[in-house]
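One letter stands for each residue in the lines below.
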Amino acid sequence: MKALLKVENLYGGYYKEDVVRGVSLNVNPGDFLVAIGPNGSGKTTLLRLLTRVLPLRKGEIFYKDRNIGQMNLKEFCRCVAFASQDIPAGFSFTVMELVLMGRIPHLKRLQYETRRDIEIAYEKLALTDILALKDKRIDELSAGERQRVVIAQALAQEPELLFLDEPTAHLDIGHQVQILDLLKKLNRENNLTIVMILHDLNLASAYSNRIVLLDQGMILKEGRPEEVLTYQNIEKVYKTIVLVNDNPVTGKPNIVLVPGDKS
Amino acid sequence: MRLKIKLIILFSLLCAAMVIGLIKGAVDIPLANLLLKDSQAILNLRLLRIIAAILVGSGLAVSGIALQAILRNPLAEPYLLGTSSGAGLAAVIAVVIGVSRVYMPLAAFLGAVLSIIVVYNLARERGVIADKSLILSGVIISVVFSSLIVFLVSLFGNEAMHEMNWWLWGSLQVYDYKLLLLVTFPVILGICVIYLFAQDLNAISLGEEKAMHLGIDTQSIKKIIILITALISASLICICGIIGFVGLIVPHMMRLLVGPNHKVLIPTTCLAAAVFMILCDLLSRTLFSPIEIPIGVITAIIGAPVFIILLKKGKRIS
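The text that follows walks through the structure, step by step, so that each part is easy to find.

1. Quick look at the nonpolar core
Alright, step 1. With 168 residues, the main nonpolar core has Val99 of chain A together with Val56, Ala108, Leu236, Val246, Ala273 and Met277 of chain B as its most contacted residues.
Alright, step 2. If you tally residues by element for this core, the top one is helix α3 (residues 40-71) of chain B, at 15 residues.
Alright, step 3. When near neighbours in sequence (up to four residues on either side) are disregarded, Ala108 of chain B contacts Ala87, Ala90, Ala91, Trp167, Ile237 and Cys238 of chain B.

The structure is reproduced here in structure tokens:
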């Protein structure tokens, strides 16, 4: 299978220090890839390098055989979208306005959204189940609703590849599962390739088809959940002892934390 | 289509304000009589003031909107980059060394430009402008220049003091219609260019990274916007001195009324700020006529309560 995104020996970070050090990775069409790793292991930096927010110090990234540094930024954003953890509520845009902003990569300067752009926005609002909220202002929404707006905005870019940085960070377990179910559905039914960061290893195990375990800016292990999520790997990277058994429903690895003080 | 209605309402308000601005003054003259030959001089004077008011109001308010968006800071205002104190200092220096009044606007313009250059370069690091550095550099330069103004005023006394007051509180008294004409071009051009970036400003107001993820070259746009707002405020300072609050309050009022979408916000604010300035100018010249109150005093006294009312009401609605 031909890779959608091909990362070769990537180095980059902030100031003089590289946070990502020698990452090579292929993202295949249809992947639901989850990056895990302890705090400071370079997950977010890797995503920022892959989405052109940070400049690379070394290495190359190809999107469908094209070097992404040589793509026009708007063109790149028509293929690749990024959904952040949250949306700032400083300026109280309405949900519809925010989702329509996802059409910016498709518009020329000063070009107003066409009927088709508005149709697409409606479609994405319906897909993420927030059509009823379209005229609400962002500061009136709950964290779960805001996360859906973030995703709807990214989907309005009509990307083939969607990056997400901890989309479940501020959500309770009910909303976590709702959001990930939604992403899984988009992955399966709309053929959207997904690359995301998650902290929760069990969610990563349950939803992903591939997991990348990062440690100190390098990929320690990459593969199917059962290949990566072994107690040896986890102990090595997280310096924490865990039990790994099978989730009785999904058959995927299930990580159980073991408290250090057992008294 | 709702935008069209809003614009029509605001435009009618502007026309009404212009008519009131023409007939009211130290002497009230009915509209019909204004067109007579013997009131020609008064008509011209008042017309110039109205044009200045429209230009100053829209220029400052739109610059305020643009800076607030790129810095995501509701307190950003057109004089953020130290233009006001730079212009003030240059004007005071000009008085002290005895430069002719004719060159005063030029001195103020150069002072404003100088302060922008200093602030911009202080804030730039590895080709990137960090929001905090920009705001802090602006504040520091303002403080230094303001203290230099006070230093000169304490050495040279009354004359410089008088000049400083004029610059610090502003006036729409147009001394030279050619200068007004000259300033009109950069200001109108600047407003138009900012409007061209309405979509980018929407995206940048969500955060620089988000804007980049929407395909917007954030750093270049920030630099362009800083340059344009600086040009607008430096040009306006030449003709009217420093008029506070307009660039801060009118954009906020309009955000409460029409929302933060810059495609709507910029044109509506342009009109609203023009109306606001015409009315403030009217008050400044009629309240204690024949004494003219500096217009900056009026904008603050009128602007602040209106803003507080809107803020409280806006909170209740949402």
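2. So, the packing of helix α5 (residues 104-123) of chain B against helix α6 (residues 131-156) of chain B
Residues and elements named next belong to chain B.
Alright, step 1. Running from N to C, α5 and α6 point in directions that differ by 140°, and their axes come no closer than 8 Å. Our classification of the angle between α5 and α6 gives oblique. Once α5 is placed against α6, the crossing between them reads as right-handed. Of the residues in α6, those in contact with Ser115, Val118, Val119, Leu122 and Ala123 of α5 are Ser133, Leu134, Ser137, Gly138, Ile141 and Phe145.
Alright, step 2. Along the lines of polarity and charge, the residues of the contact of α5 with α6 split into 7 nonpolar, 4 polar and no charged.

3. Topic: helix α5 (residues 143-156) of chain A
Residue and element names in this part refer to chain A.
Alright, step 1. Given a rise of 1.5 Å per residue, 14 residues ought to cover 20 Å, and the 20 Å separating the end C-alpha atoms of α5 matches this to within 8%.
Alright, step 2. With 11 of 14 residues buried, α5 is to be regarded as a mostly interior element.
Alright, step 3. All buried positions along α5 are accounted for by Arg146, Gln147, Arg148, Val149, Val150, Ile151, Ala152, Gln153, Ala154, Leu155 and Ala156.
Alright, step 4. Residues of α5 that are buried sit in contact with β6 (80-83), α3 (95-101), α4 (115-127), β7 (161-165) and α6 (173-189).
Alright, step 5. Within two residues after α5, Glu158 carries a phi angle of roughly 50°, on the positive side.

4. Examining the sheet that holds strand β8 (residues 193-197) of chain A
All names here are of chain A.
Alright, step 1. An order of β6-β7-β8-β3-β9-β10 is seen for the 6 strands of this open sheet, with the pairing classed as mixed. Sheet topology places β6 and β10 (218-223) at the edges, where each strand pairs with a single neighbour. Averaged over all pairs of adjacent strands, the angle between their axes in this sheet comes to 20°, without regard to strand direction.
Alright, step 2. Of the strand pairs in this sheet, strand β3 (residues 32-36) and strand β9 (residues 210-215) are connected by 4 bridges, and their pairing is parallel. For Leu33, the partnering residue across the bridge sits in β9 and is Arg210.
Alright, step 3. Running over the sheet, helix α1 (residues 43-50) touches β3, β7, β8 and β9 and is turned about 145° from β7.

5. Here's the deal with the packing of helix α12 (residues 246-258) of chain B against helix α13 (residues 262-286) of chain B
Residues and elements named next belong to chain B.
Alright, step 1. Interaxial distance between α12 and α13 falls to 9 Å at its minimum, and their mutual angle equals 125°. By the angle between their directions, the pair α12 and α13 is classed as oblique. The handedness of the crossing between α12 and α13 comes out as right-handed. Residues Val246, Val250, Pro251, Met254, Arg255 and Val258 of α12 lie in contact with α13, whose contacting residues are Val264, Leu265, Thr268, Thr269, Ala272, Ala273, Phe276 and Met277.

What counts as what
Residues numbered from 1 in each chain as written. Chains lettered and ligands numbered in written order. Predicted model: local features only at pLDDT ≥ 70, side-chain atom pairs only at ≥ 80, totals over all residues. Core = buried A, V, L, I, M, F, W, Y, C linked by C-beta atoms within 7 Å. Buried ≥ 20, exposed ≤ 12 C-beta atoms within 10 Å, placed from the backbone. Helix = DSSP H or I, 4+ residues; strand = E, 2+ residues; numbered from the N terminus. Contact = placed C-beta atoms within 7 Å. Axes fitted to C-alpha atoms, helices over the stretch in contact; angles between N-to-C directions. Parallel < 35°, antiparallel > 145°, perpendicular 65-115°, else oblique. Left-handed = near helix turned anticlockwise from the far one by under 90°. Nonpolar A, V, L, I, M, F, W, Y, C, P; charged D, E, K, R; others polar. Expected span 1.5 Å × (residues − 1). Pairing = 2+ DSSP bridges.

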